[in-house]
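# Observations on the model geometry
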Amino acid sequence: MTSTPRFDVVAIGNAIVDVIARAEDDFITERGLDKGSMRLIDTGEAENLYAAMGPGIEMSGGSAANTLAGMAALGRTCSFIGMVADDQLGKVFRHDLTSLGVHFETPVGPAEPPTARCLILVTPDGQRTMNTFLGASQNLGRQALDAKVIADGAVLYLEGYLWNADASREAMAEAIAMAKGAGRKVAFTLSDSFVVALHGDDFRQMSEAGQIDILFANEAEITALAGTEEFDAAVAAVAAKVPLLIATRGEHGACAVENGVVTHVAAEPIDKVVDTTGAGDLFAAGVLAGLAEGRSIDQCLTMGAVCARSIIAQVGPRAQEDLRALVDTKLG
């Protein structure tokens, strides 16, 4: 018999400290950046871009970690598996996450390579362009996995960004086997269309093999995975391969498909988008928290929309409002 889980969600992801700065569109264009996207950069480019950026705000981030922070704010129990270095940013990241009540006991790595950081440029329209130096986070390997912790999670949540490094890809594949062996569900977020472009065949194979129970994707990611530019067609194709698909469309809301049943939710109204950093992460937090509470799919999507709306009304990916109060007010 499967034991009662200790955690609602155990997540594996990049442990990253975000540096967020305002930037004009001309700055993005002059540097040949793809506005609104995420790309990986090396040490030299990270140093050059950081020097050229305006004044920034530093705070802990990372996609899966942001999701767990949101879930913790909603009162759910979570555990994080990720790699930081033995440096100041590593200490900052660990303190920030654990202070929110998230369990995080992955052993620290050496001082080199340093803890990962993401240089985020936010344009006047609130769009964020992310430039990520993965540093220590990409060294997360099988040795970082704790089989007991993974078995103690009702859901194992995996961040697609980690699929880019051999060591972390192998670790995530083993973690899936651990979770499935313990009778747990596996949730996966595609993270970015460039990740799908590189590893879409892996993700399609995983879906076909029944390794993914819950799949999160935005419009660009799901159309890339399905190989079509038509959103509804992409949703139908991908939903046939996974038990629960959650697809977001920014201001056009989101939908879920479970056992062939499609549920839509509108985006929450907002006067001004300040910063879209973490919008998808917090949407996932609301959905996963709703699932942990045994709510209906439409209520789970609504929770996601409320959390996403809160995060895009502020700077940074960690909630500054009381998410629990916002959700309770919305759902009654």
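Residue numbers restart at each chain and count upward from 1, following the sequence in its written direction. Local features are withheld for residues below a pLDDT of 70 in this predicted model, meaning they are given only at 70 or higher, and side-chain atom pairs are given and counted only at 80 or more; totals for whole chains, interfaces and linings count all residues. Only hydrogens and water are removed before side-chain values are computed, so all heavy atoms of the structure are retained for them.

In the nomenclature of an unreviewed UniProt entry, the protein is known as Adenosine kinase of Sphingomonas lacunae. UniProt positions are given in the numbering used here, feature names are shortened, and annotations may be inferred rather than shown by experiment. Quoted straight from UniProt, the Sequence similarities (unreviewed entry) entry for the protein says "Belongs to the carbohydrate kinase PfkB family."

## Focus on the overall build of the protein
What the protein contains, in helices and strands, is 12 helices and 13 strands. For the radius of gyration, the atom set is restricted to C-alpha positions; the globular benchmark scales as 2.2 Å times the number of residues to the power 0.38. On C-alpha atoms alone, the protein measures out to a radius of gyration of 18 Å, which is about the 20 Å that the 2.2 N^0.38 rule sets for 332 residues. The dimensions of the protein, computed from C-alpha atoms along their principal axes, are 55 × 45 × 40 Å. Counting over 332 residues, the protein shows a buried share of 54%. Residue contacts follow a heavy-atom distance rule, with two residues in contact if any of their heavy atoms lie within 4.5 Å. Summarising the internal contacts of the protein: among those between residues at least 6 apart in sequence, 74% fall at separations of at least 24. The protein chains shown are the only cover counted for residues, whose accessible areas, like all others here, come from Shrake-Rupley with a 1.4 Å probe. If you sum the accessible surface of the protein, you get close to 13800 Å²; carbon and sulfur atoms cover 50% of it. Counting 25 positive and 44 negative side-chain charges, the protein places the averaged centre of each group 5 Å from the other. Working definition: helices are DSSP H or I runs of at least four residues, strands are E runs of at least two. Numbering for both runs from the N terminus. Categorising residues by exposure relies on relative accessible area from a 1.4 Å probe, with only protein chains included: less than 20% of the type maximum marks a residue as buried, more than 50% marks it as exposed, and the intermediate range marks it as partly exposed. Only four residue types enter the charge count: Lys and Arg as positive, Asp and Glu as negative, with His and the chain ends excluded. To locate a charge, take NZ of a lysine, CZ of an arginine, CG of an aspartate or CD of a glutamate.

## A closer look at helix α11 (residues 297-312)
Helices are assigned an expected span. That span is 1.5 Å times one less than the residue count. With 16 residues, α11 should cover 22 Å at 1.5 Å per step; its first-to-last C-alpha distance of 23 Å lies within 8% of that length. Burial runs high along α11: 13 of the 16 residues are buried.

## Describing the packing of helix α7 (residues 193-208) against helix α8 (residues 219-226)
Packed helix pairs are specified by the crossing angle of their axes together with the interaxial distance, meaning the distance between the axes. To get an axis, a line is fitted to the C-alpha atoms, and for a helix only the part in contact is used. The angle between two axes follows their N-to-C directions and goes from 0 to 180 degrees. The N-to-C vectors of α7 and α8 enclose an angle of 45°; their axes lie 9 Å apart at closest approach. The pairing of α7 with α8 is recorded here as oblique in orientation. Once α7 is placed against α8, the crossing between them reads as right-handed. Between α7 and α8, the contacting residues are Ser193, Val196, Gly200, Phe203 and Arg204 on the first element and Ala220, Glu221, Ala224 and Leu225 on the second. Geometric relationships in this document are graded by angle, where less than 35 degrees denotes roughly parallel, more than 145 denotes roughly antiparallel, 65 to 115 denotes roughly perpendicular, and other angles denote oblique. Left-handed describes a crossing whose near helix is turned anticlockwise from the far helix through less than a right angle; right-handed describes the clockwise counterpart.

## Notes on the layout of surface pockets
Put simply, the grid is 1 Å and covers the protein atoms alone, a cavity is a trapped set of points that fit a 1.4 Å probe, a pocket is an open set with protein on both sides within 12 Å along at least five of seven lines, and lining residues have an atom within 4 Å of a point. Grid points are joined across faces, edges and corners, and a volume is the space filled by probe spheres set on the points. Its volume calculated, the second largest pocket comes out at about 260 Å³. Lining the second largest pocket are 15 residues, and of these Val155, Lys185, Ile214, Leu244 and Leu291 sit closest to its centre. Elements with a minimum of two residues in the lining of the second largest pocket: β1 (7-12), β8 (153-159) and α10 (279-292). Amino acids are sorted into nonpolar (Ala, Val, Leu, Ile, Met, Phe, Trp, Tyr, Cys and Pro), charged (Asp, Glu, Lys and Arg) and polar (every other residue, Gly among them). Here the lining of the second largest pocket is built from residues that sort into 11 nonpolar, no polar and 4 charged.

## Side note on the sheet that holds strand β3 (residues 38-40)
Each pair of strands is called paired provided DSSP finds at least two bridges between the two strands. Read across the sheet, 5 strands follow the order β3-β7-β6-β2-β4 without closing on themselves; strand pairing throughout is mixed. The outermost strands of the open sheet, each flanked by one partner alone, are β3 and β4 (56-61). Adjacent strand axes in the sheet meet at a mean angle of 20°, parallel and antiparallel pairs treated alike. Relative to strand β7 (residues 128-133), β3 runs parallel, the two sharing 3 bridges. Opposite Arg39, over in β7, you have Asn131 as the bridge partner.

## Regarding the packing of α8 against helix α9 (residues 231-239)
α9 packs onto α8 with a crossing angle of 65° between their chain directions and a minimal axis gap of 9 Å. In terms of crossing hand, the pair formed by α8 and α9 is left-handed. Every residue of α9 that contacts α8 at Glu219, Ile222, Thr223, Leu225 and Ala226 is listed here: Phe231, Ala234, Val235, Ala237 and Val238. Here the contact of α8 with α9 is composed, by residue class, of 8 nonpolar, 1 polar and 1 charged.

## Observations regarding the sheet that holds strand β5 (residues 78-81)
A sheet is described by the order of its strands in space; here 8 strands give the open sequence β5-β1-β8-β9-β10-β11-β12-β13, paired in mixed fashion. Looking at the sheet topology across the chains shown, the edges are occupied by β5 and β13 (261-265). Put simply, the sheet's adjacent strands are angled 15° from each other on average, direction ignored. Pairing analysis gives 5 bridges linking strand β10 (residues 214-218) to strand β11 (residues 244-248), with the strands arranged parallel. Note on β11: the bridge partner recorded for Ala217 is Ala247.

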